[in-house]
Amino acid sequence: MHINPYGADAVNLAADLANRRPASAEELADRCRAAGLVLERPVTSQDLDRTQIMLEAWEKVVDATDERERAELLNRMLVEAAAYPRLTDHAGSGWHLHYRDDRQPLGSVLFALISVGTALHLAGRGMHRLRRCAVTECTTIFADTSRTGRQRYCSQRCANRDAVRRHRARAAR
């Protein structure tokens, strides 16, 4: 997976993993491959544990109540994931930057990828562009990659459900 200038691929992977936590190392590996990651090493239960810890920290970033808190929490993640950026063509897919050391276990790779990708996404698109769905009973996390930056719902289904709820509330008055 290449980190694009806005980090959308990384935050979308993080949201996918946070919304439906992988139950095994094999599932984690499969979902990372499906997201475009090239896995350089076998995925272990330690990778799954490290990923779960990273997702807990990342969800705190998502749920932060203001920009400064969000930045502080994300900066803590970046410190833990820090490594020298390096130019690589490890998979023959073209030269790109990795913000991590070579040959790291998947748990460490995800920590670095998601921390840096989230920072790029928020700095490039806006600090408000990572949140949970506006429908109260839906806790789904999403990265707002819309052109306008005003996405409030995780899906069209939730947007429709909320619109119907608001319409019925107005009709009942």
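Residues numbered from 1 in each chain as written. Predicted model: local features only at pLDDT ≥ 70, side-chain atom pairs only at ≥ 80, totals over all residues. Heavy atoms only, no water.

**As for the overall build of the protein chain**
Counting its secondary structure elements, the protein chain contains six helices and four strands. Starting at the N terminus, the α and β elements of the protein chain follow one another as α-α-α-α-β-β-α-β-β-α. Among the 173 residues that make up the protein chain, the fraction classed as buried is 39%. In the protein chain, once contacts between residues fewer than 6 apart in sequence are set aside, the share between residues at least 24 apart is 51%. For the protein chain, the exposed area adds up to about 9700 Å²; of that, 50% sits on carbon and sulfur atoms. (Helix = DSSP H or I, 4+ residues; strand = E, 2+ residues; numbered from the N terminus. Buried < 20%, exposed > 50% of the residue type's maximum accessible area, 1.4 Å probe, protein only. Contact = heavy atoms within 4.5 Å. Areas by Shrake-Rupley, 256 points an atom, 1.4 Å probe, with all protein chains shown as cover.)

**A look at the packing of helix 4 (residues 67–81) against helix 5 (residues 106–125)**
It is the contact of helix 4 with helix 5, at a shortest axis distance of 9 Å, that shows an interaxial angle of 145°. Of the two possible hands of crossing, helix 4 and helix 5 adopt the one that is left-handed. Side by side, helix 4 and helix 5 meet where R70, L74, M77, L78, E80 and A81 of the first sit next to F111, A112, S115, V116, T118, A119 and L122 of the second. Classifying every residue of the contact of helix 4 with helix 5 gives nine nonpolar, two polar and two charged. (Axes fitted to C-alpha atoms, helices over the stretch in contact; angles between N-to-C directions. Left-handed = near helix turned anticlockwise from the far one by under 90°. Nonpolar A, V, L, I, M, F, W, Y, C, P; charged D, E, K, R; others polar.)

**What to know about the environment of Q151**
Looking at where Q151 falls in the secondary structure, it is placed in the loop between strand 4 (141–143) and helix 6 (156–172). Of the residues examined, Q151 reaches a relative accessible area of 24% and is grouped as partly exposed. Taking the C-alpha atoms as reference, Q151 lies 9.3 Å from A134; in sequence the two are 17 residues apart. For Q151, the residues in contact, after removing those within four places along its chain, are R131, F142, A143, D144, T145 and S146. Among the polar contacts listed, one links the side chain of Q151 to the backbone oxygen of Y153, at a separation of 3.0 Å. (Polar contact = N/O pair within 3.5 Å; in protein donor to acceptor, adjacent residues only side chain to side chain.)

**Topic: helix 3 (residues 45–62)**
Helix length check: helix 3, at 18 residues, gives a terminal C-alpha distance of 25 Å against a target of 26 Å (1.5 Å per residue), a fit within 8%. Among all positions in helix 3, only D47, L48, T51, Q52, M54, L55, W58, E59, V61 and V62 are buried. The elements touched by buried residues of helix 3 are helix 1 (8–19), helix 2 (25–34), helix 4, helix 5, strand 3 (130–132) and strand 4. (Expected span 1.5 Å × (residues − 1).)

**Some thoughts on the nonpolar core**
Counting 35 residues, the largest nonpolar core has L28, M54, W58, L106, L110 and L130 as its most contacted members. At the level of elements, helix 1, helix 2, helix 3, helix 4, helix 5 and strand 4 are the ones that each hand at least two residues to this core. Broken down by element, the residue count for this core peaks at eight residues, all from helix 5. For L110, the contacting residues outside a window of four places in its chain are L13, L17, L28, C32, L37, T51, M54 and S115. (Core = buried A, V, L, I, M, F, W, Y, C linked by side-chain atoms within 4.5 Å.)

**Here we look at the packing of helix 3 against helix 5**
Between helix 3 and helix 5, the shortest axis-to-axis distance is 7 Å and the interhelical angle comes to 20°. When the interaxial angle is binned, helix 3 and helix 5 end up roughly parallel. Note that helix 3 runs across helix 5; the crossing there is right-handed. Contacts between helix 3 and helix 5 involve D47, R50, T51, M54 and W58 from the first element and L106, G107, S108, L110, F111, I114 and T118 from the second. Taken together, the residues that form the contact of helix 3 with helix 5 break down as six nonpolar, four polar and two charged. (Parallel < 35°, antiparallel > 145°, perpendicular 65-115°, else oblique.)

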